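Residue-level structural notes
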Amino acid sequence: MDKGGKTTSGNASRDVDGDYGTLPCPLAINWFRNNLRVHDNPVLRQTTDLAKPGTVSGMLPVFVFDTHRIYGSSIRTLLGSLKCGPWRVKFALEAVTDLRATLEQKGSGLIVGVERTDEVLGSIVASACKEAEEGEGRLKLSVVCQEEVCSEELAVDKAVRSILAKAMTKGSKVTFETIEKSCGRPLDAPGNDELRMPWDAKDIAAESKCRASLDYLSMLTNQGYSEEDIASASSVNDRLAMPDGYLGGESFGLARMKDYIWDKDLLKAYFDTCNGMVGS
């Protein structure tokens, strides 16, 4: 891949005889991991490139709250500390909500799942394969995500590859691609036509065995956090240097950058504010 990212591809399954360039039921899944944005996102650009007319019938944007590895009050590090506190979860929920709203404004959507990442993706792929099989078609499906380098994330990648192979039906082919972020030029946000989803996207999500939906969004209470944790996430943190009303997500981030750099011209005092973007 060019345009700001490098592609590394790995087959998640055995190859099956057939010309997959002309399969009647191709599909691309964009698995959002950390880059919860539409602008300057090489993974999304690669997925939409696959989804251009004549190559792929559509794309499915997916995000997973992995409650077995990251999210939840019972998920701890090897030293026993909480991996993801309520403040961080609240930020992630806001960012995912904003991402879904942006995608919906462009005529797309976001499937949000809760469970193990590999099980959610495997269930969605199995559902898509079933839909294609019932329609007497063969599926060529690509799962595209950001490349990670740490051991935990690589273990998840390995589990995803394994379960995707098991989710396949006869006559289908599933590939798993990771995109390496580079320091190339910024990427424009994809257009509405590039973000189109297949007509049966809602059925694919609904028929998956894991909790995954175009409408559902996990809450702090669904992830095992206590009432005290939830109250602390809703309270004002005096240590925060961010402005009142700060929210997670691309929309607020872009608005904040515009306000700080262009509207108020505060970049010239950036060093004096100790990297905190305060002073506005």
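In this report, the structure presented in the accompanying data block is examined. On a predicted model such as this, the values are computed, not experimentally measured, just so you know.

Let us look at the environment of I163. With respect to the element layout, I163 can be found in helix α4 (residues 151–167). Taking the C-alpha atoms as reference points, I163 and G122, 41 residues apart in sequence, are found 5.5 Å from one another. For I163, the residues in contact, after removing those within four places along its chain, are D118, E119 and G122.

Throughout the structure, instances matching the rule amount to 5 aromatic pairs. For the ring pair W31 and F176, a centre distance of 6.4 Å and an interplane angle of 45° mean the geometry is tilted. Of this pair, W31 sits in strand β2 (residues 25–32) while F176 sits in strand β6 (residues 173–181), and the two are 145 residues apart along the sequence. Assessed through its relative accessible area of 0%, F176 is described here as buried. Aromatic side chains F91 and Y246 sit 6.3 Å apart centroid to centroid with 20° between the ring planes, which places their arrangement in the stacked category. With F91 in helix α2 (residues 86–105) and Y246 in the loop between α6 (227–234) and α7 (250–263), this pair connects stretches of sequence that are 155 residues apart.

Let's shift gears to the environment of E153. Note on placement: E153 falls in helix α4. Sequence spacing of E153 and R33 is 120 residues, and the spatial spacing of their C-alpha atoms is 10.0 Å. Excluding anything up to four places from it in sequence, E153 contacts R33, R69 and E148.

Quick look at the side chain of D118 now. Position of D118 relative to the elements: it lies in helix α3 (residues 117–134). Look at D118 and you get buried, because its relative accessible area is 9%. Within the structure, the side chain of D118 is placed 3.3 Å from the side chain of R116, a separation counted as a polar contact.

This part is about the pairing of strand β3 (residues 59–66). Of all 8 residues in β3, 8 are buried, a share of seventy percent or more. With burial as the criterion, each face of β3 is covered, one bearing M59, P61, F63 and F65 and the other bearing L60, V62, V64 and D66. As judged from the 5 bridges shared by β3 and strand β4 (residues 111–115), these two strands associate in the parallel manner. Counterpart to V62 in the pairing with β4 is I111. Since β3 and β4 lie parallel, the crossover through α2 that links them has a hand, and here it is right-handed.

On the secondary structure map, F63 appears in strand β3. Look at F63 and you get buried, because its relative accessible area is 3%. Sequence-wise, F63 and V120 are 57 residues apart; in three dimensions their C-alpha atoms are separated by 9.5 Å. Not counting residues up to four positions away in its chain, the partners in contact with F63 are F32, R33, L36, Y71, V96, L110, I111, V112 and G113.

In this model, α2 (20 residues) spans 28 Å end to end at C-alpha, consistent with the 28 Å of a helix rising 1.5 Å per residue. Turning to α2, its buried residues number three or more, namely P86, V89, A92, L93, E94, A95, V96, D98, L99, R100, T102 and L103. Of the residues one or two after α2, G107 is the one with positive phi, at around 85°.

The next thing to look at is the nonpolar core. Residues I29, W31, I111, I124, V125, L141 and V143 are the most contacted members of the largest nonpolar core, which totals 29 residues. Elements represented by at least two residues in this core include exactly β2, β3, α3, β5 (139–146), α4, β6 and α5 (201–207). With 7 residues, the single largest contributor to this core is α3. The contacts of I29, once residues within four sequence positions are left out, are T47, L60, V62, I124, V125, L141, S142, V143 and V144. In terms of nonpolar packing, the next biggest core, distinct from the first, is built from 25 residues, Y71, A95, V114 and A233 among them.

Each value, and the rule that gives it
- Residue positions are counted from 1 within each chain, in the order its sequence is given.
- The model is predicted, so local features are restricted to residues of pLDDT at least 70 and side-chain atom pairs to those at 80 or more, both for listing and for counting; the totals for chains, interfaces and linings are taken over all residues.
- Calculated side-chain values reflect all of the structure's heavy atoms, with hydrogen atoms and water omitted.
- Per the convention used, a helix needs a DSSP run of H or I reaching at least four residues, while a strand needs a run of E reaching at least two, with both numbered from the N terminus.
- Contacts were defined at the residue level, with two residues in contact if any of their heavy atoms lie within 4.5 Å.
- To pair, rings of Phe, Tyr and Trp, with the six-membered ring standing in for Trp, must have centres within 6.5 Å; the planes then decide the type, stacked if under 30 degrees apart, edge-to-face if over 60, and tilted in the middle.
- In this scheme, a residue with accessible area under 20% of its type's maximum is buried, one over 50% is exposed, and one in between is partly exposed, where area comes from a 1.4 Å probe on protein chains only.
- Counted as a polar contact is a pair of N or O atoms within 3.5 Å, where, for protein atoms, one must be capable of donating a hydrogen and the other of accepting one, and residues adjacent in sequence contribute only when both atoms are in side chains.
- Each pair of strands is called paired provided DSSP finds at least two bridges between the two strands.
- By the criterion used throughout, a crossover qualifies as right-handed when its path from the first strand across the helix to the second strand runs clockwise, the strands pointing away from the viewer.
- Take the residue count of a helix, subtract one, and multiply by 1.5 Å to get its expected span.
- To define a nonpolar core, start from buried Ala, Val, Leu, Ile, Met, Phe, Trp, Tyr and Cys residues and group those joined through side-chain atoms within 4.5 Å.

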